[in-house]
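Listed below, chain by chain, are the residues.
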Amino acid sequence: MKKKVVSVILTAAMCAGLTACGGGKTTTTEAAAESKTMATSETTAATAASEASAESKELTIQDVWPAGSTVRFDVPAKAGGGTDLYTRYLTQALGELNPDVKFVVTNYDTTEVGRENTKNADPDGLTLLVHHGGSMIEYMTGSSEVNPKDDYKTVGLVNVGGPQAIIARPDAPYSNLPELGEYIVAHPNEVIIGCSLGGASQCMLYGVVNGIEDGYGSMVNWVQCGSEADKLTQTASGSIDIANCTIPNALSYEADGKLKILGTMAPSIANLENMGELIGEELPETFRTAKEQGIDYSYDSCYYVWAPAGLPDDVAYVINEQIQKCADQQTFTDGMKSMASYIDKRDLAATQQTFDDEWTTWAGILDNMGIRIR
């Protein structure tokens, strides 16, 4: 962020040692005049310094969100889902930090309508949107007309994602990701992977499979299987071979013998130990991340707070500071933990760099998949 810096240079040229015509001494009248001049100069300097201080005062959150104001958070998803819950944990924490401000969450059944509403709102910091990096994928593949890179300004991170278990049917002839790779080579085009086609889950699973060995992502069959409930039931029944789901559901189904765990696809900061801390229980070795299994792949698909593109930098800066402070609020940290999602404080510059890095990652994956149109 570019902070406003005001430099005030006060030059006071004091002419002393005035010489009188009669003998080179300063008369009483002249001394009084000189004293008055000095006092006037000091007053002028003090006034200038005061004005400079006022001009250089940084913007505060009270300037952006005054007492009595309403800040609206658009959620381009239905109430009760992950995006909605993340947003409500965030706004609850923001309300604790700013008790004189009202935070209103608005859900949109149609994702594109919610995105458009924020895109077209006044860029004053009073309308924000929470959504995940999948919106980048949807724009690049042509299923959305809202470009989060150009139509929004990234102002904060709600979280940096959470681990997802990679599950297989219970009788699968492989027990980890390297063994899955061996099976794919031996049985090309036989493995069926269920996911949200063209969405984040397909991109993440493609990254894992192609990370085992370049080209493996094109040697499997991808089928539509969007909801977690469908992924669990269809994998358990053997209708599909591979899918992804949350770790708590994976643990539950594995305990009942309904599926097999091959590992996890997770953010770069994840490992078996801290995933267990995040979940609240020690995880078995079967939940090792792809990286821990020797596969050069991790995903950092974050939940972002976006504002309309025209939001001034100084306003974005103070909003980002508030979002960072939420990481110290118990209600927020408890909420993220309940959703098995990692929190990572990042300033405005780091947050925007995170967005750029994720954009580049998805663009590369979509290019490899052959489904990127822009």
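None of these values were measured; they are calculated from a predicted model. (Residues numbered from 1 in each chain as written. Predicted model: local features only at pLDDT ≥ 70, side-chain atom pairs only at ≥ 80, totals over all residues. Heavy atoms only, no water.)

Participant: Explain the overall build of the protein chain to me, please; I cannot follow it from the model alone.
Facilitator: Helix and strand counts for the protein chain come out as 13 helices and 10 strands. The proportion of buried residues among the 374 residues of the protein chain is 44%. The contacts of the protein chain with a sequence gap of at least 6 include a subset with a gap of at least 24, amounting to 80%. Carbon and sulfur atoms form 48% of the exposed surface of the protein chain, whose accessible area is close to 17,500 Å². (Helix = DSSP H or I, 4+ residues; strand = E, 2+ residues; numbered from the N terminus. Buried < 20%, exposed > 50% of the residue type's maximum accessible area, 1.4 Å probe, protein only. Contact = heavy atoms within 4.5 Å. Areas by Shrake-Rupley, 256 points an atom, 1.4 Å probe, with all protein chains shown as cover.)

Participant: Explain the sheet that holds strand β3 (residues 127–132) to me, please; I cannot follow it from the model alone.
Facilitator: Strand-to-strand pairing in sheets goes through backbone hydrogen bonds, with the strands running parallel or antiparallel. Pairing is mixed across the open sheet formed by 5 strands, whose spatial order is β2-β1-β3-β10-β4. A strand with exactly one partner marks an edge of an open sheet, and here the two such strands are β2 (102–107) and β4 (152–159). The sheet shows a mean angle of 30° between the axes of neighbouring strands, taken without regard to direction. Of the strand pairs in this sheet, strand β1 (residues 70–75) and β3 are connected by 3 bridges, and their pairing is parallel. Bridge pairing in β3 places Arg-72 opposite Thr-127. Together, β1, β2, β3, β4 and β10 (303–308) form the strand contacts of helix α3 (residues 82–97), whose direction differs from that of β2 by roughly 170°. Most of the contacts of helix α4 (residues 111–119) go to β3, to which it runs at about 140°, and overall it touches β1, β3, β4 and β10. (Pairing = 2+ DSSP bridges. Axes fitted to C-alpha atoms, helices over the stretch in contact; angles between N-to-C directions.)

Participant: What's the story with the packing of helix α7 (residues 200–212) against helix α13 (residues 348–369) in this structure? I'm lost.
Facilitator: For any two helices packed against each other, one specifies the inter-axial angle together with the distance between the axes. For the pair α7 and α13, the least separation of the axes is 10 Å and the interaxial angle reads 80°. In terms of orientation, α7 lies roughly perpendicular with respect to α13. Across the interface between the two elements, Gln-202, Cys-203, Met-204 and Tyr-206 of α7 pack against Trp-362, Ile-365, Leu-366, Asn-368 and Met-369 of α13. Split into classes, the residues belonging to the contact of α7 with α13 amount to 7 nonpolar, 2 polar and no charged. (Parallel < 35°, antiparallel > 145°, perpendicular 65-115°, else oblique. Nonpolar A, V, L, I, M, F, W, Y, C, P; charged D, E, K, R; others polar.)

Participant: Would you take a moment to explain helix α8 (residues 228–237) for this structure?
Facilitator: In an α-helix there are 3.6 residues to a turn, and that puts residues three or four apart on one side. Taken together, the buried positions of α8 are occupied by Lys-231, Leu-232 and Thr-235. Each buried residue of α8 sits inside an arc of 95° when the element is viewed along its axis, so together they form one side. Where α8 is buried, its residues meet β5 (164–168), β6 (192–195), α7, β8 (242–245) and α9 (247–255). Once α8 ends, the next one or two residues include Gly-238, with phi positive near 90°. (Arc of directions from axis to C-beta.)

Participant: Sorry if this is basic, but what is going on with the layout of surface pockets here?
Facilitator: Sizing a probe to match a water molecule and rolling it over the atoms shows the empty space that remains. Considering only enclosed or pocket space, the largest pocket measures out at about 1,100 Å³ in volume. Every element with two or more residues in the lining of the largest pocket is listed here: α3, α4, β3, α5 (134–141), α7, α8 and α9. At 4 residues, the largest contribution of residues to the lining of the largest pocket is made by α3. Split into classes, the residues belonging to the lining of the largest pocket amount to 13 nonpolar, 21 polar and 4 charged. (1 Å grid on protein atoms, 1.4 Å probe; cavity = no way out; pocket = protein on both sides within 12 Å on 5 of 7 lines; lining within 4 Å. Points joined across faces, edges and corners; volume = space filled by probe spheres on them.)

Participant: Before we go on, may I ask you to explain the environment of Thr-235 in this structure?
Facilitator: Looking at where Thr-235 falls in the secondary structure, it is placed in helix α8. Each C-alpha atom, one on Thr-235 and one on Ala-168, is 6.2 Å from the other, the two residues being 67 residues apart in sequence. At a separation of 2.6 Å, a polar atom in the side chain of Thr-235 contacts the main-chain carbonyl oxygen of Lys-231. (Polar contact = N/O pair within 3.5 Å; in protein donor to acceptor, adjacent residues only side chain to side chain.)

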